[in-house]
Amino acid sequence: HVQRETMVFGAYYGGLLALLLYNLLLSAITRDRVFLLYAIYLGTYLLWNFTFLGYGQQHLWPDHPDFNNQVLALSIPAIFIALAVFSCNYLQTRQQAPRWHGAIVGLAALASLAVVPALLDRYALSILMAL
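What counts and what doesn't
Residues numbered from 1 in each chain as written. Predicted model: local features only at pLDDT ≥ 70, side-chain atom pairs only at ≥ 80, totals over all residues. Heavy atoms only, no water. Helix = DSSP H or I, 4+ residues; strand = E, 2+ residues; numbered from the N terminus. Areas by Shrake-Rupley, 256 points an atom, 1.4 Å probe, with all protein chains shown as cover. Lys, Arg positive; Asp, Glu negative; His and termini not counted. Charge placed at Lys NZ, Arg CZ, Asp CG, Glu CD. pLDDT = per-residue confidence, 0-100. Buried < 20%, exposed > 50% of the residue type's maximum accessible area, 1.4 Å probe, protein only. Arc of directions from axis to C-beta. Contact = heavy atoms within 4.5 Å.

1. Re the overall build of the protein chain
- If you tally the helices and strands in the protein chain, you get 8 helices and 0 strands.
- Reading the protein chain from its N end, one meets helices and strands in the order α-α-α-α-α-α-α-α.
- Along the three orthogonal principal directions, the C-alpha set of the protein chain runs to about 50 × 35 × 25 Å.
- On the protein chain, roughly 8600 Å² of surface is accessible, and the fraction owed to carbon and sulfur atoms is 67%.
- Distance between charge centroids for the protein chain: 18 Å, based on 6 positive and 5 negative side chains.

Below, the structure written as structure tokens:
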């Protein structure tokens, strides 16, 4: 069962990585910032998921459990911030929906506050604030 699950997650991460590289390539070719912002969002999501499921500690930083906790606590607000920036740019909320734009920016600012406890080794508080 574990071997099959690992293969499925390997395919999932491979697909996400391919999508990330494709959007980086599109960003470089078209010079459209939205593709870069989407790639950043995908990268933060990929980092969080890889860390959350334990693959980061297992394969990338096996001797650093504190670093794993910090990456996990920092990647959650990073996902929200990256998604907010991407959404505002892609949907052009500043021009199309100014009220929603303010709400999205405000929520991203609140999510960024969750970074502070993570930097002070208060991981549980950081994750609780992000959620």
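2. Some points on the confidence of the model for the protein chain
- Averaged over every residue, the pLDDT of the protein chain is 92; residues scoring 70 or more account for 100%.
- Per-residue pLDDT, averaged within each element of the protein chain, yields its smallest value for helix α8 (residues 123-130) (84) and its largest for helix α2 (residues 33-52) (95).

3. Looking at α8
- Residues Y123, S126 and A130 constitute the buried set of α8. Projected down its long axis, α8 shows its buried positions confined to an angular sector of 65 degrees, all on one face. Away from its buried face by more than 90 degrees, α8 exposes A124 and L128.
- Close packing links the buried residues of α8 with α4 (65-91) and α7 (115-119).

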